[in-house]
Amino acid sequence: MLSAVLSALFHRERTGEGQAIEVPMFETVVAYVMVEHLYGETFVPPLETAGYKRILNRWRRPFRTRDGYLAVVPYTDADWRAFFAVAGRPDLLADPRFTTLESRLANIEVLYEELSKIVATRSSAEWLDALDRAGVPATIVNTLETLLTDPQLEATGFWQIVDHPSEGTLRLPAIPTTYSRTPGEIRRLPPRLGEHSLEVLREAGFGEAEIDAMLASGATSVVPSPGAPGSRPPRS
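In this report, we go over the structure that sits alongside the text. (Residues numbered from 1 in each chain as written. Predicted model: local features only at pLDDT ≥ 70, side-chain atom pairs only at ≥ 80, totals over all residues. Heavy atoms only, no water.)

## What about the sheet that holds strand E2 (residues 69-72)?
Rule in force here: Strands are treated as partners if at least two bridges between them are detected by DSSP. Here a strand is any run of E in DSSP of at least two residues, a helix any run of H or I of at least four, and the numbering for each starts at the N terminus.
Read from one edge to the other, the open sheet built from three strands follows the order E1-E2-E3, with strand pairing classed as antiparallel. Edge positions in the sheet fall to strand E1 (63-64) and strand E3 (138-140), since each has one partner strand and no second. Bridging between E2 and E3 involves three bridges; their strand directions are antiparallel. Note on E3: the bridge partner recorded for Ala-71 is Thr-139.

This is the structure in structure tokens:
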């Protein structure tokens, strides 16, 4: 949706013409998923069945270490050679089933099963250190709890601790995107019931008499002012 809107805005910027955009959910999801999974059905007649075998492999998942889980993603020939060397498995390094992309794909289930067994022999920290030095892509797989203390998120100040007037101290995620000229910031906290009723209704063009009628009927409400429960804030 965002890409479609940006494309239309760019067209408007260039031509002055607006246009209607339709983003059908089903077709969009199919286009996204089948980039890889069309696979052999890309060709007519098909060369293979649909479904990217490397991704659909039952062993392709976060690998259990001695104390957690790790995503290990050797992909190129050099990555796999480096991984086998770090793992101390010269037998796999020389195994013709795993020397090229084509041979690995033909034996992908055996390869990933072997990978899972190897990763289980060391701790996550041991693997991260060794694979980082070898240049093999790998990272910790966080749980919901460890995300709260993730070193990267702590270093970037991602989690914001704020004081809410009615809910107390809250933890909120920061805006993940950074801008060199227009940085984002949290300027408003999660609103209390009725906190912005008046400003929204006024922006929508309702008059004060109409707003008073809505308040009187219970159609809307406002946050009581301090020291005056149920009172209406002063009109702007």
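## Re the environment of Pro-173
Our working rule: Classification of residues uses two cut-offs on accessible area relative to the type maximum, computed with a 1.4 Å probe and protein chains only: under 20% is buried, over 50% is exposed, and between them is partly exposed. By definition, residues are in contact when any of their heavy atoms lie within 4.5 Å.
Among the structural elements, Pro-173 can be located in strand E5 (residues 168-173). According to the relative accessible area criterion, Pro-173 is partly exposed, its value standing at 46%. It is 5.9 Å that separates the C-alpha atoms of Pro-173 and Phe-158, two residues lying 15 residues apart in sequence. Ignoring anything within four residues of it in the chain, the contact list for Pro-173 reads Phe-158, Trp-159 and Ile-186.

## What about helix H7 (residues 108-119)?
To keep it simple, the criterion reads: Expected span of a helix: the number of residues minus one, times 1.5 Å. Along the arc lie the directions from the helix axis toward the C-beta atoms.
End to end, H7 covers 16 Å across twelve residues, agreeing with the expected 16 Å (1.5 Å per residue, within 8%). Those residues of H7 that sit buried are Ile-108, Leu-111, Tyr-112, Leu-115, Ser-116, Ile-118 and Val-119. The buried residues of H7 occupy an angular sector of 165 degrees when the element is viewed end-on, so they sit on one face.

## Comments concerning the nonpolar core
Which entries qualify depends on this criterion: Think of a nonpolar core as a cluster: buried Ala, Val, Leu, Ile, Met, Phe, Trp, Tyr and Cys residues, connected wherever their side-chain atoms sit within 4.5 Å.
In terms of nonpolar packing, the biggest core is built from 20 residues, with Val-72, Trp-80, Phe-83, Phe-84, Leu-115, Val-119 and Trp-127 touching the most fellow members. Secondary-structure elements contributing two or more residues to this core are E2, helix H4 (77-87), H7 and helix H8 (124-134). Looking at which element gives the most residues to this core, the answer is H7, with six residues. Ranked by size, the runner-up nonpolar core spans five residues in total, among them Leu-201, Ile-211, Met-214 and Val-222.

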